[in-house]
Amino acid sequence: VKCKLIHVLVRTQLILNKYGICGVVLQTKAKYVLLPSTRWDIGRLWLQMRPSDIEEIRISEAASGNNIYDNLCERVHLDYYFTLWRDDEIVAIGGITPSTWTNKVGIIWLLGTHLADTHWRSMTRFCRSFIDASRSEYEGIGNYVPADATKRIQWLSYLGFDINEQEAHISDYRFRGF
């Protein structure tokens, strides 16, 4: 068990160093810790996910035919997924997955619990650091968001993404690229 813990800590520090994320712990009124995600994290998030993310997953699965939970569990150790914790509770899990058509484009995503809405400032700081550090890995970073998810679109704009005005229609669902 001790060797496994040391391996996890070393892996965590290597990944954080790769992305230029300095200081694992950000001190505010509460402690925030950013760590590589595990399958256990994904399972726990799935049980506590905020309604807006549940709806976005429902739409994305219907449009793509993919099982997002299974995809995340399969790829958690292959891609760089991070869990943001606050006082031993998951705030959000996010990451970047290389696109299936080219490794030069990263597909960015984030799923949160109710804490993602109440601790959005700290989450946004971590997201910005992660995005800035990841830009050197890819020629482009983006994804699609349901066209009627106005709050999410505003947040993505705030993070610095350009939102496409033209909508994409996939299996009777409307999306906007960013």
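Figured I'd write up the structure that's included with this text. (Residues numbered from 1 in each chain as written. Predicted model: local features only at pLDDT ≥ 70, side-chain atom pairs only at ≥ 80, totals over all residues. Heavy atoms only, no water.)

### Digging into the sheet that holds strand E7 (residues 144–146)
The criterion, for reference: Whether two strands pair depends on DSSP finding at least two bridges between them. Only runs of H or I of at least four residues qualify as helices and only runs of E of at least two qualify as strands under DSSP, and these elements are numbered from the N terminus. Only C-alpha atoms enter the line fits that serve as axes; for helices the fit covers just the stretch in contact. Angles between N-to-C directions range over 0 to 180 degrees.
Pairing is antiparallel in the open sheet, where three strands are placed in the order E7-E9-E8. With partners counted over all chains shown, the strands left at the sheet margins are E7 and strand E8 (167–170), one partner each. With direction set aside, neighbouring strand axes in the sheet form an average angle of 40 degrees. Note: E8 against strand E9 (residues 173–177), four bridges, orientation antiparallel. When the bridges of E9 are listed, Ala-168 appears paired with Phe-175.

### Observations regarding the packing of aromatic side chains
How we decide: Ring geometry is summarised as follows: Phe, Tyr and Trp rings, the Trp one being its six-membered ring, pair when their centres sit within 6.5 Å, and such pairs are stacked at plane angles under 30 degrees, edge-to-face over 60 and tilted between the two. Only when the NZ of Lys or the CZ of Arg is both within 6 Å of the ring centre and within 35 degrees of the ring normal is a charge said to sit over the ring.
Tallied over the full model, the rule gives five aromatic pairs. Directly above the ring of Tyr-158 sits Arg-128, whose terminal nitrogen or CZ lies 4.4 Å from the centroid. Just above the ring of Phe-161 sits the side chain of Arg-135; from NZ or CZ to the centre is 5.7 Å.

### Some remarks on the pattern of salt bridges
How we decide: Definition used for salt bridges: Asp or Glu carboxyl oxygen within 4 Å of a side-chain nitrogen of Lys or Arg. When a residue's accessible area, from a 1.4 Å probe over protein chains only, is under 20% of the maximum for its type it is buried; when over 50% it is exposed; and in between it is partly exposed.
Using the criterion set out here, one finds nine salt bridges in the structure. In this structure, the salt-bridge partner of Arg-50 is Asp-117, at a minimum N-O distance of 2.7 Å. In this pair, Arg-50 sits in the loop between helix H2 (39–48) and helix H3 (51–64) while Asp-117 sits in helix H5 (residues 114–118), placing the two residues 67 residues apart along the sequence. Classification of Asp-117 as partly exposed rests on a relative accessible area of 38%. Between Glu-165 and Arg-176 there is a salt bridge whose closest N-O contact spans 3.5 Å.

### Here's the deal with the environment of Thr-113
Note the cut-off: In what follows, a contact means two residues having at least one pair of non-hydrogen atoms within 4.5 Å. Here a polar contact means two N or O atoms within 3.5 Å. Within protein one must be a hydrogen donor candidate and the other an acceptor candidate, and residues neighboring in sequence count only if both atoms are side-chain atoms.
The topology assignment puts Thr-113 in the loop between strand E5 (105–112) and H5. The spatial distance from the C-alpha of Thr-113 to the C-alpha of Met-49 is 4.4 Å, given a sequence separation of 64 residues. Sequence-distant contacts of Thr-113, that is, excluding residues within four places in its chain, are made with Leu-45, Gln-48, Met-49, Arg-50, Ile-90 and Val-91. Separated by 2.7 Å, the side chain of Thr-113 and the backbone oxygen of Ile-90 make a polar contact.

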